[in-house]
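Each chain, written out:
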Amino acid sequence: MAKAKTSYVCTECGAEHSKWQGQCAECGVWNVLTEIVVEPAKASAAAPRHAGYAGAVDAAKVTRLASVAATAEARSETGIGELDRVLGGGLVAGSVVLIGGDPGIGKSTLLLQMLGTIGQRMRGLYVTGEESLGQVAARAQRLGLPLDGLEGLAETSIERILAEASAGKPDVLIIDSIQTIWTELLTAAPGSVSQVRESAARLVRFAKQTGTSVFLVGHVTKEGGIAGPRVLEHMVDAVLYFEGEVGSRFRILRAFKNRFGAVNELGVFAMSEKGLKEVPNPSAIFLSAHAQPTPGSAVMVTREGTRPLLVEVQALVDASALPNPRRVALGLEQNRLAMLLAVLHRHGGAAVFDQDVFLNVVGGIRVQETAADLAVLFAVQSSFRDRALPDKLVAFGEVGLSGEIRPVPNGEERLREAATHGFSLAIVPKANAPKKPRIGELEVVGVDRLGDALAAAFQR
Ligand code: TYD
Ligand code: MG
């Protein structure tokens, strides 16, 4: 028998290496390479195709793209609006979606609810490797889902799962969780990187061949030995992360990668005793309720995915006892904060080099766009000077190194969102300000220098 080929995968970033080394050459993290066995290539029998599914993998030949009719993705709505939004408009036949998140965040609940709502129109199969069918049924009952349309399978062997799925031909297949699934072909322990990758690869092939929409649940873990979702990210069509703050009932579903839709799209849910409820208009939940304006708090309009959101950012600037004052940013990029503080010093006249600066985005949300810059600096300046910003103020805009305020995409949409939520003053990049200085009750001030922006915010 030929010797099995091995290679080494980074459990942090998924990069593959031919030799073992102490540090991953891609992401630079130490002691994260694990050995995987590479399966010898074998012709796999094609699974039976679903009627009407066009996305087949036939023998390849070189073809001019102009002569290929682009296949419109066949989409079907799940009935859960926030999930559809994050998926980019509904389920795509033959797609593989990975849902990652901490244990207990609600991944199983969300997928079970989805199966319940699509059960009338499509056939779903829920494969559980973690809970017994009795537990799943009890949860479905408690969630008030119609049990009739639901099919379950308690199984962890990929061979048997695929045999059942090929026979039953579900439209939607849920694997909860991929870390419990193993294949007989490999001797590695279930949950190891090689088992998880090989099982996922088989499921991806099954999805492409049959047109089944496959959902993989993956726990995010920190311990070595158990493969986290990172090693699967490049194999699947979409990666959604389910996030939430400890103690908060709000859950955010974020598209991290999506071949069929916008990344950074957010879906917002609230966990209740009756399962996950959609929050279709989430703007208000990311604002904390202050009785009166408080120093260190600023509201921005960020645009995550395809909708604007009002989000509060809080700063605490306090004299530091350390030789290297702390810069801590939760929900924002740390390096960007350091850069913004330097701009604030040079162009805003606030020297915070001897101050600890803590920054937090309310509601456990992560803001990745540069449009947050201006509000971040307002919050920092407000805490540093111990002066509250005016009531009902919003701000957005990118701040450049030379102190200029740069325009951001979709300014008008952001302003309308602020106006809808009763804000009365917006400080925004000049290029984003409309010709008329008012949108309803909202007064819009356009600025193009940081100094002007600070003056507009604090001299009222
Ligand atoms: P679960 O979906 O099992 O999480 P995951 O699959 O991501 O590990 O969710 C479990 C948590 O959700 C658990 O702590 C209880 C809570 N929960 C509710 O609050 N209400 C409900 O109706 C359900 C089903 C779960
Ligand atoms: Mg679960």
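Conventions used here
- Residues numbered from 1 in each chain as written.
- Chains lettered and ligands numbered in written order.
- Predicted model: local features only at pLDDT ≥ 70, side-chain atom pairs only at ≥ 80, totals over all residues.
- Heavy atoms only, no water.
- Axes fitted to C-alpha atoms, helices over the stretch in contact; angles between N-to-C directions.
- Helix = DSSP H or I, 4+ residues; strand = E, 2+ residues; numbered from the N terminus.
- Parallel < 35°, antiparallel > 145°, perpendicular 65-115°, else oblique.
- Left-handed = near helix turned anticlockwise from the far one by under 90°.
- Contact = heavy atoms within 4.5 Å.
- Nonpolar A, V, L, I, M, F, W, Y, C, P; charged D, E, K, R; others polar.
- Domains from an automatic or database assignment.
- Buried area = accessible area lost by both parts, 1.4 Å probe.
- Salt bridge = Lys/Arg side-chain N within 4 Å of Asp/Glu carboxyl O.
- Buried < 20%, exposed > 50% of the residue type's maximum accessible area, 1.4 Å probe, protein only.
- Near = heavy atom within 4 Å.
- Polar contact = N/O pair within 3.5 Å; in protein donor to acceptor, adjacent residues only side chain to side chain.
- Areas by Shrake-Rupley, 256 points an atom, 1.4 Å probe, with all protein chains shown as cover.
- Phe/Tyr/Trp six-rings, centres within 6.5 Å; stacked < 30°, edge-to-face > 60°.
- Expected span 1.5 Å × (residues − 1).
- Arc of directions from axis to C-beta.

Viewed as axis vectors pointing N to C, helix α2 (residues 107-118) and helix α3 (residues 133-142) meet at an angle of 70°, and their least axial separation amounts to 11 Å. In terms of orientation, α2 lies roughly perpendicular with respect to α3. Crossing hand, α2 versus α3: right-handed. Packed against α2, whose contacting residues are S108, T109 and L112, the element α3 presents V136, R139 and A140 at the interface. Residues of the contact of α2 with α3, tallied by class, amount to three nonpolar, two polar and one charged.

Right, let's get into the domain arrangement of the protein. Annotation of the protein at the domain level lists domain 1 (5-40), domain 2 (75-280) and domain 3 (285-458). With centres defined by C-alpha atoms, the gap from domain 1 to domain 2 works out at 26 Å. In this assembly, twelve residues from domain 1 lie in contact with nine residues from domain 2. Summing both partners gives a buried area of about 920 Å² for domain 1 against domain 2, and 56% of it is carried by carbon and sulfur. The interface formed by domain 1 and domain 2 includes one salt bridge. Of the charged contacts in the structure, one is a salt bridge between R197 and E16, with a shortest N-O distance of 3.1 Å.

The next subject is helix α9 (residues 450-458). Turning to α9, its buried residues are L450, A453, L454, A456, A457 and F458. Residues of α9 that are buried sit in contact with α6 (334-348), α7 (373-385), β21 (405-406), β22 (425-429) and β24 (442-447).

Okay, the site of ligand 1 next. Taken together, 16 residues sit near ligand 1, with G104, K107, S108, T109 and S272 positioned nearest. G106 is positioned with one of its backbone polar atoms (N or O) 3.0 Å from an oxygen atom of ligand 1. Interatomic distance of 2.5 Å between a side-chain N/O atom of T109 and an oxygen atom of ligand 1. Against a free-state accessible area of 560 Å², the protein chains account for coverage of 73% of ligand 1. Elements supplying a minimum of two residues to the shell around ligand 1: α2, α3 and β13 (266-272). The biggest single contributor to the shell around ligand 1 is α2, with three residues. A per-class count over the shell around ligand 1 returns four nonpolar, six polar and six charged.

What follows concerns the packing of aromatic side chains. Taken as a whole and assessed by the stated rule, the structure comprises three aromatic pairs. Ring centres of F242 and F269 lie 6.1 Å apart, and the angle between their planes is 85°; this geometry places the pair in the edge-to-face category. In this pair, F242 is assigned in strand β11 (residues 238-243) and F269 in strand β13, connecting sequence segments 27 residues apart. A centroid spacing of 6.3 Å and a plane angle of 85° characterise the contact between F378 and F458, whose relative ring orientation is edge-to-face. Separated by 80 residues along the polypeptide, F378 in helix α7 and F458 in helix α9 bring together distant segments of the chain.

It is worth spelling out α6 at this point. With 15 residues, α6 should cover 21 Å at 1.5 Å per step; its first-to-last C-alpha distance of 20 Å lies within 8% of that length. Among all positions in α6, only L337, L340, L341, V343 and L344 are buried. For α6, the angular spread of buried residues about the axis comes to 165°, placing them on one side. Turned more than 90 degrees from where α6 packs its buried face, N335 and R346 sit exposed. Lining the buried residues of α6 we find β17 (327-330), β18 (355-361), α7, β20 (398-399) and α9.

Relative to the helices and strands, Q459 resides in the segment after α9. In this structure Q459 comes out as exposed when scored by relative accessible area, which is 67%. Linking Q459 and L389, residues 70 residues apart in sequence, is a C-alpha distance of 9.5 Å. Setting aside residues no more than four positions away along its own chain, Q459 makes contact with R387 and L454.

Moving on, we come to the packing of α6 against α7. The contact between α6 and α7 brings their axes to 10 Å, and the two run at 65°. Judged by the inter-axis angle, α6 sits roughly perpendicular to α7. The crossing of α6 and α7 is right-handed. Touching R336, L337, L340, L341 and L344 of α6 are D373, V376, L377, V380 and Q381, all from α7. When its residues are assigned to classes, the contact of α6 with α7 shows seven nonpolar, one polar and two charged.

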